[in-house]
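Letter by letter, the chains look like this.
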Amino acid sequence: TYVEMIFQDDVILNHSPSLGSTTYTLLSVTDSNIPTCIGNVSGSLTAVVNELPTGYVSVGGVTSGNSSVEICEGDSVDVTFTLTGLAPWSIDYETNMGTVTTVDNIMDPTYVINVKPFENTRYVLSRVSDGSMAACEGLVSGRAEIIVHETPDAEFNAEPLAGCAPLDVNFDNYTTGNLSGPNTGYYFREQGDPTYTLLSHDLFTSYIFENNTNATK
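Worth saying up front: this structure is predicted, and the values here are computed from it rather than measured.

### Observations regarding the environment of V69
Topologically, V69 is positioned in strand 6 (residues 67-72). Between the alpha carbons of V69 and V59 there is a distance of 6.7 Å; along the sequence they are ten residues apart. Sequence-distant contacts of V69, that is, excluding residues within four places in its chain, are made with V59, G60, V77, E145, I146 and I147.

If you want it as structure tokens, here you go:
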């Protein structure tokens, strides 16, 4: 593409090249007052336009939108940052705890951190820049929610612990912790029995076992 331009004094040309590499070469220069006066030209320049980088944060293998996982207290989970653009990348991510973390020189477009939060935690990607000469800052998206469930502390009181067969043993439940989930259950077995018995998660029920040995939990 050839473009004819008329300059007066030191005029700066503004041009927005398309994505990719564009080379500008000065082909000729002419004095507009004296068209026959043609000067000497030299040099060229190349402008490279890169797509803006992007960054997306997620948990649980989700690839778009917001994501969330539920874990038990003490467990760990992977938080994944998916990046596009030119390596190396630099990112800032923050949590609902108010902590902002900067990670530089990321070479892999899939960057993973393993975390072990002690309470419900949200991860948000607030900045991403790539390794282009312009260090372009791009678009960020996603929100990773980690819901931490307190580990229950099981405690039962059994009475009586000795007696004549058949012996009715009453178990009173003093378990603490978050036991509101639909899959909550207590597993008991008699001494010497390899099998377990699943009970409901009603905290205020006394459980009765008929056996001639002491029961263990």
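### Considering the pairing of strand 6
Covered by surrounding structure in strand 6 are S67, V69 and I71 only, the residues S68, E70 and C72 on the alternate face being uncovered. The sheet contact formed by strand 6 and strand 13 (residues 143-149) spans six bridges and is parallel. What sits directly across from C72, in strand 13, is H149.

### A word on the nonpolar core
Residues V79, F81, I91, Y93, Y123 and I146 are the most contacted members of the largest nonpolar core, which totals 21 residues. Mapped by element, the contributors of at least two residues to this core are strand 5 (54-59), strand 6, strand 7 (77-84), strand 8 (89-95), strand 9 (100-106), strand 10 (110-115), strand 11 (121-129) and strand 13. At four residues, strand 7 tops the list of elements feeding residues into this core. Beyond its immediate stretch of four places on either side in the chain, F81 contacts Y56, V57, I91, Y93, P109, T110, Y111, I113 and L125. With five residues, the next largest nonpolar core counts F156, A158, L167 and F171 among its residues.

### Comments concerning the sheet that holds strand 11
In space, the five strands of this open sheet follow the order 6-13-11-8-9, with mixed pairing throughout. Among the strands making up the open sheet, the edge pair consists of strand 6 and strand 9. Taking the axes of each pair of neighbouring strands and ignoring which way they run, one obtains an average angle of 25° across the sheet. Both strand 11 and strand 13 contribute to a ladder of four bridges, which runs antiparallel. Its bridge partner being in strand 13, R122 is matched across the sheet by E145.

Parameters at a glance
The numbers attached to residues start from 1 for each chain and follow its sequence in the written order. Whole-chain, interface and lining totals are the exception, using all residues; otherwise, since this is a predicted model, local features are given only for residues with pLDDT of at least 70 and side-chain atom pairs are given and counted only at 80 or more. The basis for every side-chain value is the complete set of heavy atoms in the structure, and neither hydrogens nor water enter the calculation. Only DSSP runs of H or I reaching four residues or more are called helices, and only runs of E reaching two or more are called strands; each is numbered from the N terminus. Contacts are residue-level and defined by heavy atoms, with any inter-residue pair within 4.5 Å sufficient. Under the scheme applied here, a residue whose accessible area is under 20% of the maximum for its type counts as buried, over 50% as exposed, and between as partly exposed, the area being computed with a 1.4 Å probe on protein chains only. DSSP bridges decide pairing: two strands pair if at least two such bridges lie between them. Throughout this description, the term nonpolar core refers to a set of buried Ala, Val, Leu, Ile, Met, Phe, Trp, Tyr and Cys residues connected via side-chain atoms within 4.5 Å. Only the contacting stretch of a helix is used when fitting its axis, a line to C-alpha atoms as for every element, and angles between N-to-C directions run 0 to 180 degrees.

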